[in-house]
Amino acid sequence: MTNQPDRLDRIEAALDRQLQVNAELRLTAEALLQTVQVHQQNFEVIVDEIRQMHSEIRGLQTENRRIWERLERQDQ
């Protein structure tokens, strides 16, 4: 039969290892979360810049149409 103190020592050692693994997993998860947050912030900045460029392009298209119409009127 197994000696009770030996069994308890093994259980305690296993629990200690599990606590260490859990702590490492927690640190890894926190690091991943920080990485995701940084990427999300960068994505939001890029989307905002794209929206601004899209607005500028629409403005340029409108201005180009006005110029084109003016040139067409001059030719007539």
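You'll find the structure just up there.
In this report, we go over the structure that sits alongside the text. All residue numbers refer to positions counted from 1 along the written sequence of the respective chain. Per-residue local features of the predicted model are confined to residues with pLDDT of at least 70, and side-chain atom pairs are confined, for both listing and counting, to 80 or more; whole-chain, interface and lining totals are unaffected and use all residues. The basis for every side-chain value is the complete set of heavy atoms in the structure, and neither hydrogens nor water enter the calculation.

This paragraph deals with the overall build of the protein. Only DSSP runs of H or I covering at least 4 residues are called helices, and only runs of E covering at least 2 are called strands; the numbering of each starts at the N terminus. Broken down by element type, the protein carries 1 helix and 0 strands. Every radius of gyration here is taken over C-alpha atoms, with the globule rule written as 2.2 Å times N^0.38, N being the number of residues. Taken over the C-alpha trace, the protein has a radius of gyration of 33 Å; the compact-globule value for 76 residues is 11 Å, which it surpasses by more than 25%. Reported as C-alpha extents along the three principal axes, the dimensions of the protein are approximately 110 × 15 × 5 Å. To be clear on the numbers: accessible area is Shrake-Rupley with a 1.4 Å probe, and residue cover counts the displayed protein chains and nothing else. Here the protein has roughly 7,500 Å² of accessible surface; of this, 55% comes from carbon and sulfur atoms. When charges are counted, neither His nor the chain ends are considered; positive counts come from Lys and Arg and negative counts from Asp and Glu. Where a charge lies is defined by one atom per residue type, namely NZ (Lys), CZ (Arg), CG (Asp) and CD (Glu). Positive and negative charge centroids in the protein, built from 10 and 14 side chains respectively, lie 6 Å apart.

So, about the environment of glutamate 24. Position of glutamate 24 relative to the elements: it lies in helix α1 (residues 4-75). Burial here depends on accessible area, computed with a 1.4 Å probe over protein chains only, as a share of the maximum for the residue type. Under 20% is buried, over 50% is exposed, and the range in between is partly exposed. Among the residues examined, glutamate 24 registers a relative accessible area of 44% and is labelled partly exposed. In sequence terms glutamate 24 and isoleucine 11 are 13 residues apart; their C-alpha atoms lie 20 Å from each other.

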